[in-house]
Amino acid sequence: MTKSIIFISGNGSNLKNIINKINSGFINMEIVAVVSNNSMAKGLEIARTNNIDTIVIDTEKPYLAIIKDLVKKHEVSLLILAGYMKILPEYITDEFRGKILNIHPSLLPKHKGLNTHKKVLESNDSSHGASVHFVNSELDGGAVIIQGQVNVKRDDTEETLKEKVHKIEYEIYPIAIKWFIEKHIELKNDKCLFDGEVLECPIEHIL
Ligand code: GRF
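Residues numbered from 1 in each chain as written. Predicted model: local features only at pLDDT ≥ 70, side-chain atom pairs only at ≥ 80, totals over all residues. Heavy atoms only, no water.

**Student:** Tell me what's going on with the layout of surface pockets, and back it up with residues and numbers.
**Tutor:** Take a probe with the size of a water molecule and roll it over the atoms, and the empty space left behind shows itself. The computed volume of the largest pocket comes to approximately 920 Å³. The wall of the largest pocket is formed by 38 residues, among which Gly83, Tyr84, Met85, Ile103 and Pro105 lie closest to the centre. Residue assignment for the lining of the largest pocket shows that the elements contributing at least two residues are α1 (13-23), β5 (100-104), α5 (116-122) and α6 (158-181). No other element matches α6, which puts 5 residues into the lining of the largest pocket. (1 Å grid on protein atoms, 1.4 Å probe; cavity = no way out; pocket = protein on both sides within 12 Å on 5 of 7 lines; lining within 4 Å. Points joined across faces, edges and corners; volume = space filled by probe spheres on them. Helix = DSSP H or I, 4+ residues; strand = E, 2+ residues; numbered from the N terminus.)

In structure tokens form, the structure reads like this:
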């Protein structure tokens, strides 16, 4: 069975959703540890409740050895970023190239970085959404695998957008993880291949 590590910094609702999808049998994967840079992250409680080991790291210090040891010890083949609010150092993205996934709350390449809901409102975008992508050393810049869209209405606020985007995230992240586990997707020359063919644009998930 595929073994994974999940990285979080906050609430961990995507973590919870992934655990649910494992429990329902949709994803055939074990989470061997949840890693957080934030000892107060609510998601750590979710991990503990589900008997998953938790590790708090100090990102001011190099942490490649910690992750490498975990990966080796448990034969981990997938690192999943789920609301991990730190930029992964290049020594991690290089070491695990093609094995790290992230979910970002925007329709990449639009609105990289923080505060995406605010940026969408300020830009008067009519659509918004979430993207799952492979992680490379460029912030939110790796090959995008799947995206889901939501309409932006005139009365939307950052809060309502966050809620709508989370709903999409709970659908697309498990799908991308499943594709990775079942070897449908892989990263080659910084492009995402799906069943061996280059994805020219991300797969669009329709609700
Ligand atoms: C999500 O919106 C995700 O796209 C972003 O951080 C948020 C994490 O939410 N990277 P949660 O901690 O999973 O609730």
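**Student:** Go over the state of the cysteines with me, naming the residues and quoting the values.
**Tutor:** Taken as a whole and judged by the stated rule, the model has 0 disulfides. There is no disulfide at Cys192, and the cysteine sulfur nearest it, in Cys201, is 11 Å away. Looking at Cys201, the relative accessible area reads 53%, which means it is exposed. (Disulfide = S-S within 2.5 Å. Buried < 20%, exposed > 50% of the residue type's maximum accessible area, 1.4 Å probe, protein only.)

**Student:** So what's going on with the site of the ligand? Which residues, and what values?
**Tutor:** Taken together, Asn11, Gly12, Ser13, Asn14, Gly83, Ile103, His104, Pro105, His166 and Glu169 form the complete shell of residues around the ligand. Here His166 contributes a side-chain N or O atom positioned 3.2 Å from an oxygen atom of the ligand. Glu169 has a polar side-chain atom sitting 2.5 Å from an oxygen atom of the ligand. Structurally, the ligand is housed in the largest pocket. At the level of elements, α1, β5 and α6 are the ones that each hand at least two residues to the shell around the ligand. Of the residues in the shell around the ligand, the class split is 2 nonpolar, 7 polar and 1 charged. (Near = heavy atom within 4 Å. Polar contact = N/O pair within 3.5 Å; in protein donor to acceptor, adjacent residues only side chain to side chain. Sits in = over half its atoms within 2 Å of the grid points. Nonpolar A, V, L, I, M, F, W, Y, C, P; charged D, E, K, R; others polar.)

**Student:** Residues and numbers for the pairing of strand β8 (residues 185-188), please.
**Tutor:** Every regular strand shows the same layout, with side chains that alternate between the two sheet faces. Covered by surrounding structure in β8 are Ile185 and Leu187 only, the residues Glu186 and Lys188 on the alternate face being uncovered. Counting the residues between successive antiparallel strands, the hairpin from β8 to strand β9 (residues 191-194) contains 2 residues, one of them, Asn189, with a positive phi of roughly 50°. (Pairing = 2+ DSSP bridges.)

**Student:** An account of the sheet that holds β8 is requested, with residue identities and associated values reported.
**Tutor:** Strand order in the open sheet formed by 3 strands is β8-β9-β10, with antiparallel pairing between adjacent strands. A single partner strand is all that each edge strand has here, and the edge strands are β8 and β10 (197-198). Pairing analysis gives 4 bridges linking β8 to β9, with the strands arranged antiparallel. Of the residues in β9, the one forming a bridge with Ile185 is Phe194.

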